[in-house]
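Each chain, letter by letter, is given below.
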Amino acid sequence: MTDKRGPQTAAPMAAEDGLLLLQSQALAEEEAAKTKGEMLTRFLKEKLAKEERSSALNLHKLSAQWRAVLRETKDKELRRDIEILSQTFARVMDCKDSVIESLAADLEEAEEQHAQALRSHLHNVDRLLQLQRCRLACLEEGYGAQLEALQTEFEAERRTILEQHERESCYLRDVALAVEQNYAKNDHEATLNFQSARDDIKNKSLQEKQYSRMQLGGKAEVLWEQFQRAMQSYTEATEHQKIAFEALKQKDEKSSREIEMQAKKLQKLQDSVTATKGRIAAHLRESEEQNRRAREEKEKVLRQLQELKSEMNQARAKAHGSLARLTAQSGAALKALARVVEKARRVLRLAEMCRRLETEEEKVLPFYPSSLAEGEQRDARRVLEETPAEPLAWAAQDYAGLERFWQRFNKAKLEEQALERERAALSQRNRRLRELLRQYLAGISVSQEVLGEPNPLLAVERKSCVPKDLPHAGGGRAQGHRDAAHPESLSGGDAHPDPIPSAAGTG
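Residues numbered from 1 in each chain as written. Predicted model: local features only at pLDDT ≥ 70, side-chain atom pairs only at ≥ 80, totals over all residues. Heavy atoms only, no water.

### Considering the overall build of the protein chain
Helix and strand counts for the protein chain come out as 10 helices and zero strands. Secondary structure elements of the protein chain, listed N to C terminal, follow the sequence α-α-α-α-α-α-α-α-α-α. Look at the contacts in the protein chain between residues 6 or more apart in sequence, and 80% of them connect residues 24 or more apart. Approximately 44,300 Å² of the protein chain is accessible, and the part contributed by carbon and sulfur atoms is 59%. (Helix = DSSP H or I, 4+ residues; strand = E, 2+ residues; numbered from the N terminus. Contact = heavy atoms within 4.5 Å. Areas by Shrake-Rupley, 256 points an atom, 1.4 Å probe, with all protein chains shown as cover.)

What follows is the structure in structure tokens.
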């Protein structure tokens, strides 16, 4: 018996030793994995810190080099601007000196032209005054005759209008009286009709109310009797069912007591089974809890490792993206600066070309003074200082520095329009002078064709022969007929009786 029990007891001991050995190995592996994870975590943190320090150092170096490049570029631009400003100042001083000399010469020439034009103007004014006096005398006589005729016609028409107004006023008063009487009559009839209709409707509503009350009372009594009969028949019909219900109720109470006794016995058996299952489940839970904690620690270490890897990858990608973005931005800045430099050179070339086309006055005074009064200028400044409400006004504030440019641009446009108008006026004046010259040449030449057309010299002769002292009675009508026959002899500016002096005067 002892030989048989020895191998049986040795087998469980070997199994327990193997289980303990496996558990110790698992714990050793977990400790090694945990130590390895901590070492890896420290290594990754140190590497991340090193990467951050190196990226900060590289950014600092790039910023320092970029600032040095910008300083050199700005220094070169400022030197070029100083050279351009010095050249511009010297050129402006030379232009001002030449302008002063040319203005002095122009002033002397303008004074001589003004004196000559004044003498010619005074001569023409004297001739026009003489012609105007004759024309006014004729017009005064015609005006007096027309005034008398209009006064007579006005008085007759006024009397007719007053008589017609009196007749229409009487007719309107009669019509108003008749309308008032008709309105009072219609108002009285409408009041009587309204009162009678109101009484009829009131009596009719009272009768309908009494009839409805009587009819509804009878219906309510009939319905109450029907309800009482239905309730009595229901009580008689359910009497047998009520007795059967009481018997079934007693039987149900007896069965429920037996069910309760059997349920108590089953409950005791179930409690013992539940206690046994609870002890088994507790042991299972303890083992599962240990396994779960071990799995959770493992998963936690794996998650930390993955998080550290993802953080390192993100930091590396972020640094790479920042470096690429900085490179792209620096390239874009260089291109933008190159475009700005090219645009500035083009603007300077255009400025040089425009400066060659400027007049001496524009070189001295490039910006003309404002034509607004002081009050208008204050109002304009107040409007500009106000906070704009429209998006377009906000955008216009960004271009406030171009005010001088727009001022010169508008001045050039205005001068262009003025030159166009002056050109049109000179063309029209040239055509008029050619026509006058043709008429003058036709007047001094004698031929059959010239004699058949109106002669301007004959018109001038007729106009110069008008008597200065005209009679007041009967002479005005004859003079009016002569003026109607030859209208060009009375118009001072359109007939141009003497083309040569008028041309000299306008010149």
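Once you've had a look at it, read on.
### Topic: a nonpolar patch on the surface
A surface patch of nonpolar side chains, amounting to about 520 Å² of accessible area, comprises Y399, L402, F405, W406 and F409. Here W406 is to be found in helix α6 (residues 403-444). Look at W406 and you get partly exposed, because its relative accessible area is 40%. (Patch = residues over 30% accessible without salt bridge, like charges linked within 9 Å, V, L, I, M, F, W, Y side chains within 5 Å. Salt bridge = Lys/Arg side-chain N within 4 Å of Asp/Glu carboxyl O. Buried < 20%, exposed > 50% of the residue type's maximum accessible area, 1.4 Å probe, protein only.)

### Observations regarding the layout of surface pockets
One simple way to see leftover space: roll a probe sized like a water molecule over the atoms. The space that makes up the largest pocket amounts to roughly 1,400 Å³. As for the largest pocket, its lining consists of 32 residues, and the residues nearest its centre are A351, C354, R355, E358 and R408. Only α1 (2-237), α2 (239-356), α3 (360-364) and α6 provide two or more residues apiece to the lining of the largest pocket. Residue contributions to the lining of the largest pocket peak at nine residues, all from α1. When grouped by side-chain class, the residues that make up the lining of the largest pocket number 16 nonpolar, four polar and 12 charged. Of the volumes computed, that of the second largest pocket is approximately 630 Å³. Residue lining of the second largest pocket: 20 residues in total, with A33, K34, E297, K298 and V301 positioned closest to the centre. Broken down by secondary-structure element, the contributors of at least two residues to the lining of the second largest pocket are α1 and α2. (1 Å grid on protein atoms, 1.4 Å probe; cavity = no way out; pocket = protein on both sides within 12 Å on 5 of 7 lines; lining within 4 Å. Points joined across faces, edges and corners; volume = space filled by probe spheres on them. Nonpolar A, V, L, I, M, F, W, Y, C, P; charged D, E, K, R; others polar.)

### What about a negative patch on the surface?
A contiguous patch of negative charge on the surface is contributed by D106, E108, E109, E111 and E112. With respect to the helices, strands and loops of the structure, E111 is situated in helix α1. (Lys, Arg positive; Asp, Glu negative; His and termini not counted. Charge placed at Lys NZ, Arg CZ, Asp CG, Glu CD.)

### Let's talk about the pattern of salt bridges
The tally for this structure, following the rule as stated, stands at eight salt bridges. Residues D75 and R79 are paired through a salt bridge, measuring 3.0 Å at the closest nitrogen-oxygen approach. One end of the pair is D75 and the other is R79, both in helix α1 and four residues apart, which spans about a single turn. For R292, the salt bridge identified is with E289, shortest N-O distance 2.0 Å. Remark: E289 and R292 occur in helix α2; sequence separation between them is three residues, near one turn of the helix. The class for R292 is partly exposed, based on a relative accessible area of 31%.

### Some details on the confidence of the model for the protein chain
The pLDDT averaged across the protein chain works out to 78; a share of 84% of its residues lies at or above 70. With pLDDT under 50 throughout, residues 1-7 is counted as low confidence; its partners more than four residues away or in other chains account for zero contacts. Confidence drops under pLDDT 50 across residues 457-507; counting only partners more than four residues distant or on other chains, this segment forms 46 contacts. (pLDDT = per-residue confidence, 0-100.)

### Describing the environment of L44
Along the polypeptide, L44 turns up in helix α1. Taking C-alpha positions, L44 is 7.9 Å from K309, a pair spaced 265 residues apart along the chain.

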